[in-house]
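Per-entry structural report
Listed below, chain by chain, are the residues.
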Amino acid sequence: MTVTRRALLIGLGAAGGAGAMFAAMNVLGLAPGEQRSDFEPPRPSDFALRGKSAAKVVILGAGVAGLTCAYELGKAGYDCTILEAADRIGGRNLTLRGGDQLTETTGEKQIARFGEDVYFNAGPARIAAWMVTLDYCRELGVPIEPFVNGNASAYIYTSGMKAPVRFRTARADMYGHLSELLAKATSQGDLDKLIPSSDKELLLDFLRQFGDLGEKTTYEGSERRGFAAYPGVEAGTALPPPPTLSELLGYRLAPALTFELSADQAMPMFQPVGGMDSIVTALADAVGRDRIQLSSPISKITNLPAGVEITHAGGTIKAGYCIATLPPHLMAKLPGNLDPAVLAALGSAQPYSAGKIALEYGRRWWEQEDRIYGGITETDLDIGRIWYPSHGFHHRRGLMIGSYNFGPDADTYAALKHPDRLEKALIQGERVHGPRHRKDLLSSVSMAWTKRPHIEGAWAYLPPSSALREPAGRVYFAGDWLTHLVAWQAGAFESARHVVTRLHDRVLKEETE
């Protein structure tokens, strides 16, 4: 007798339960959502070096730029060695998990005491869809997930406000008031010299819809603002009436309402699953861990007639070429025989200060009570902004970035020890979230990038005409600080691709002469 698939599945379900039946359905290609036939393995990026070489290259720094240089040169046959001053790879691509230790240049130590599956991206944390970073995630098999950059349910809080306001509410009120103002000017003929009469009614129709204006082309608030209690079986409860335009202008909302408009901040954005360091882990595995020497700070760079010599904590290494990806303001202090003009160019780099404070809670109250799932609350307080996690929704624990600030505010926090940074950030956060911001707090870690050993800055800016885009003898330079994508990993990737292309062209030319 033949057994039908239906009978087989029913029998398996009766004997082994739903799990056995579902497993059998999966094997037979009958499981819901089965997409095996549509799967495509990761494809190589559009970047490749033509030709092969066995030249030896020493790379300074195992951050994104350094690892990418070794990865791409390795494809073309180069013998690469990476020297890294720290005891871990990644540079500013730093993800902290439970048990990790953070040591500052002052000697102060922090230990991350996060729970299982909780992590903190202390450096880069988001990727724009157009950035080459995603191409490397695809090529290296690094899974990604959405990063919620803008969230209508997150808050805006400025010193001009009596209380924090939801993004959706602030946006609806500003759009409404400005639309009413422009509609009145249009109707009264104030714009006749600027707008053809044939376009006047089109503009008014647009403004009515854009600002959700009433019948008299006035803004009186709308459901776009949200609700005090959202509708269900019963009608929703409306929010209090919107503020006047004068009061709204006093909130100084422009920075908060426009940050998503820039190309590098617009949704959709992404993050690697499980932490940003998945990228550098995949790069290091592809390069070969045996090619990376950790705890090897550089003490001297010497150009030789036919190569380079690098002195580091573990000894001396000679190679045909060197690619230096160290922070330029630190590289400028290294002894050696680099041209004075090159050292001056390195020394002209301006390191920039930024800091983050991670707050781990035993309860994800921002989801349960405020209905905030990912996104960013913008403030003009010295904490800068508050980030809500874009992963682990509905888990018990969760990690919020309670402060992400820059410039003078970051310097102020960096000057404090961690307990004082934490207390200062909690006080400011309570102005947004109230007592909940302190309640259920389990652990905290703060990152002051100006005090990170071997880095001493969140990123660095160079003058536009920097000579460092050219090699100094056989020493090349790479890093986001040499691109128009400063502070983004994409800048490090782009710089690495540019440098290895130029180095490779030079090597092939010299080998054929």
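Residues numbered from 1 in each chain as written. Predicted model: local features only at pLDDT ≥ 70, side-chain atom pairs only at ≥ 80, totals over all residues. Heavy atoms only, no water.

Taken together, the side chains of Y175, F206 and F210 present a nonpolar region at the surface, about 270 Å² in accessible area. Within the element layout of this structure, F210 appears in helix α5 (residues 197-210). (Patch = residues over 30% accessible without salt bridge, like charges linked within 9 Å, V, L, I, M, F, W, Y side chains within 5 Å. Areas by Shrake-Rupley, 256 points an atom, 1.4 Å probe, with all protein chains shown as cover. Salt bridge = Lys/Arg side-chain N within 4 Å of Asp/Glu carboxyl O. Helix = DSSP H or I, 4+ residues; strand = E, 2+ residues; numbered from the N terminus.)

As summarised here, the arrangement of the five strands in space is β14-β2-β1-β18-β26, forming an open sheet in which the pairing is parallel. Only two strands of the sheet have a single partner each, and these edge strands are β14 (292-293) and β26 (475-477). Strands in contact with helix α2 (residues 64-75) are β1 (56-60), β2 (79-83), β14 and β18 (321-324); relative to β2, the strand with the most contacts, it is inclined by about 170 degrees. (Pairing = 2+ DSSP bridges. Contact = heavy atoms within 4.5 Å. Axes fitted to C-alpha atoms, helices over the stretch in contact; angles between N-to-C directions.)

With the rule as written, the count across this model stands at 29 salt bridges. In this structure, E309 engages K318 in a salt bridge whose closest nitrogen and oxygen atoms are separated by 3.8 Å. On the accessibility criterion, E309 (22% relative accessible area) is partly exposed. Between R438 and E430 there is a salt bridge, and its shortest N-O distance comes to 3.3 Å. Connected through salt bridges with shared partners, the residues R363, E369, D370, R436 and D440 form a single ionic network. (Buried < 20%, exposed > 50% of the residue type's maximum accessible area, 1.4 Å probe, protein only.)

This brings us to helix α10 (residues 340-347). Listing the buried residues of α10 in full gives V342, A345 and L346. For α10, the angular spread of buried residues about the axis comes to 100 degrees, placing them on one side. In α10, the exposed residues that point more than 90 degrees away from the buried face are P340 and A341. Of the surrounding elements, those touching the buried residues of α10 are α9 (328-331) and β26. Its side-chain oxygen placed 2.8 Å from the backbone nitrogen of A341, D339 serves as the N-cap of α10. (Arc of directions from axis to C-beta. Polar contact = N/O pair within 3.5 Å; in protein donor to acceptor, adjacent residues only side chain to side chain.)

With that out of the way, let us pick up the packing of helix α3 (residues 133-140) against helix α8 (residues 278-287). Close contact between α3 and α8 brings their axes to 10 Å; oriented N to C, the two are set at 55 degrees. Considered as vectors, α3 and α8 are oriented oblique to each other. Viewed along their axes, α3 and α8 form a crossing whose handedness is left-handed. In this structure, α3 uses T133, C137 and L140 to contact α8, whose residues at the interface are I279, A282, L283 and A286. (Parallel < 35°, antiparallel > 145°, perpendicular 65-115°, else oblique. Left-handed = near helix turned anticlockwise from the far one by under 90°.)

Let us look at the nonpolar core. Formed by 75 residues in total, the largest nonpolar core has its most connected members in V57, Y78, F114, F120 and I323. If one sorts the elements of this core by residue count, helix α14 (residues 489-512) sits on top with eight residues. Counting contributing residues, this core receives three or more from each of domain 1 (44-90 + 277-349 + 459-512) and domain 2 (95-125 + 268-274 + 352-451). If we ignore the near neighbours within four places in the chain, the residues touching F114 are L96, R97, G98, F120, A358, E360, R397, L399, S443 and V445. In terms of nonpolar packing, the next biggest core, distinct from the first, is built from 31 residues, F167, L257, L359 and L422 among them. (Core = buried A, V, L, I, M, F, W, Y, C linked by side-chain atoms within 4.5 Å. Domains from an automatic or database assignment.)

Our focus in this paragraph is unusual backbone geometry. Going from M267 to P268, the amide bond is cis rather than trans, its omega being 0 degrees. Mapped onto the elements of the fold, P268 is located in the loop between α7 (254-258) and β13 (269-272). With phi around 60 degrees, R371 is a residue other than glycine that occupies positive phi space.

Before going further, it helps to examine α8. Taken together, the buried positions of α8 are occupied by I279, V280, A282, L283, A284 and V287. One or two positions beyond α8, positive phi appears at G288, with a value near 110 degrees.

Moving on, we come to the domain arrangement of the protein chain. Accessible area lost during the coming together of the parts is what is often quoted as the interface size. According to the domain assignment, the protein chain consists of domain 1 (44-90 + 277-349 + 459-512), domain 2 (95-125 + 268-274 + 352-451) and domain 3 (159-251). Between the C-alpha centres of domain 2 and domain 3 there is a distance of 35 Å. If you look at the interface, domain 2 gives seven residues, while domain 3 gives four residues. The contact between domain 2 and domain 3 buries some 410 Å² in all, and 44% of this surface belongs to carbon and sulfur atoms. The largest share of the area that domain 2 buries against domain 3 comes from D370, D380 and V432, three residues that together contribute 57% of it. Linking domain 2 with domain 3 are zero salt bridges. Our count for the domain 2 to domain 3 interface comes out at two residue pairs in polar contact (both at pLDDT 80 or more). Taken together, the residues of the side of domain 2 that touches domain 3 sort by class into three nonpolar, no polar and four charged. (Buried area = accessible area lost by both parts, 1.4 Å probe. Nonpolar A, V, L, I, M, F, W, Y, C, P; charged D, E, K, R; others polar.)

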